[in-house]
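A structural walkthrough
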Amino acid sequence: MTASDPKLILLFSGKRKSGKDYVTDLIQKRLSPKLCCILRLSAPLKEQYAQEHGLDFEELLGAGKYKEQHRAEMIRWGERRRQKDPGFFCRMAVCGASQPMWIVSDCRRMSDLQWFWSEYPQQCVCVRVEASEQTRAQRGWRFTAGVDDAESECGLDQDVDFDWTIRNDGDVTFLDRQLQGLLSLARERTMEHQYTQYSIKSNGQ
Ligand SMILES: Nc1ncnc2c1ncn2[C@@H]1O[C@H](COP(=O)(O)OP(=O)(O)OP(=O)(O)O)[C@@H](O)[C@H]1O
Ligand SMILES: C[C@@](O)(CCOP(=O)(O)O)CC(=O)O
């Protein structure tokens, strides 16, 4: 591990509308954007897809209908890219990330996890976000064949030993309580960085 490598990488996965973005945003708010950045593997994918197809990148990043209308085609387009180079979007997503902690909010395939495990073997922690189908439906989820039964949604359903599982069915207090362990781990792993930043400030450098 080099000094500039991240100290902790949380690899998040979960079904559509389980609340991956919501939970990862909350963790970042509880820590700070200086300490922890959110990386989305789908961000470089959506950016290139939007450019090639004349679509609105910002809308594709959101949680609305626009993204869902384009999801099936984006999945197929991304899979063609990944077949040639499974680490393609992972490399693009981490490019320029300088915080000591990274949260990858949308791992979907074993190849995503494998890329991070092989590049950063000591820093990775796998986190699953779960919500019932009823909760997900209240958030706008409808089963879509070709999406919800495909690798994009099911690629990590088996064969992964998650280090943490977060239930996100809407109970704020319960969610907060579940996040405490992860937040403590984050503070522990990034303590040295926080201490260095504090020393630089107090020495006026
Ligand atoms: N605990 C929560 N309390 C209130 N709203 C929530 C909670 N979790 C998620 N939501 C809301 O549900 C919707 C879906 O959540 P989010 O976008 O985080 O899911 P996701 O797993 O990232 O979905 P996708 O895979 O479709 O991007 C959002 O509008 C979000 O604000
Ligand atoms: C096309 C795709 O990247 C869309 C992901 O969108 P989101 O993470 O649900 O916002 C899914 C995939 O890569 O299989």
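Residues numbered from 1 in each chain as written. Chains lettered and ligands numbered in written order. Predicted model: local features only at pLDDT ≥ 70, side-chain atom pairs only at ≥ 80, totals over all residues. Heavy atoms only, no water.

**Some words on the site of ligand 2**
With respect to spatial proximity, the complete set of residues near ligand 2 consists of Ser42, Leu45, Lys46, Lys67, Arg71, Met74, Ile75, Arg82, Asp106, Arg108, Arg109 and Ser152. At 3.1 Å from an oxygen atom of ligand 2 is found a side-chain nitrogen or oxygen belonging to arginine 82. Here ligand 2 loses 95% of its free accessible area of 380 Å² to cover by the protein chains. Listed by contribution, the elements that provide at least two residues to the shell around ligand 2 are helix H2 (42–53) and helix H4 (65–84). Among the elements that line the shell around ligand 2, the one with the most residues is H4, at five residues. (Near = heavy atom within 4 Å. Polar contact = N/O pair within 3.5 Å; in protein donor to acceptor, adjacent residues only side chain to side chain. Areas by Shrake-Rupley, 256 points an atom, 1.4 Å probe, with all protein chains shown as cover. Helix = DSSP H or I, 4+ residues; strand = E, 2+ residues; numbered from the N terminus.)

**Considerations on the UniProt feature "binding site: substrate" (unreviewed entry) in the protein**
Here the UniProt feature "binding site: substrate" (unreviewed entry) sits at Asn168. Within the structure, asparagine 168 has its side chain in polar contact with the backbone oxygen of serine 18 (distance 2.8 Å). (UniProt positions renumbered as here; feature names shortened; annotations may be inferred.)

**Focus: unusual backbone geometry**
In this model, lysine 17 sits at a positive phi of 65 degrees, which is unusual for a non-glycine residue. Phi is positive for aspartate 159, which is not a glycine, with a value near 70 degrees. Residue classification places aspartate 159 among the exposed positions, given a relative accessible area of 73%. (Buried < 20%, exposed > 50% of the residue type's maximum accessible area, 1.4 Å probe, protein only.)

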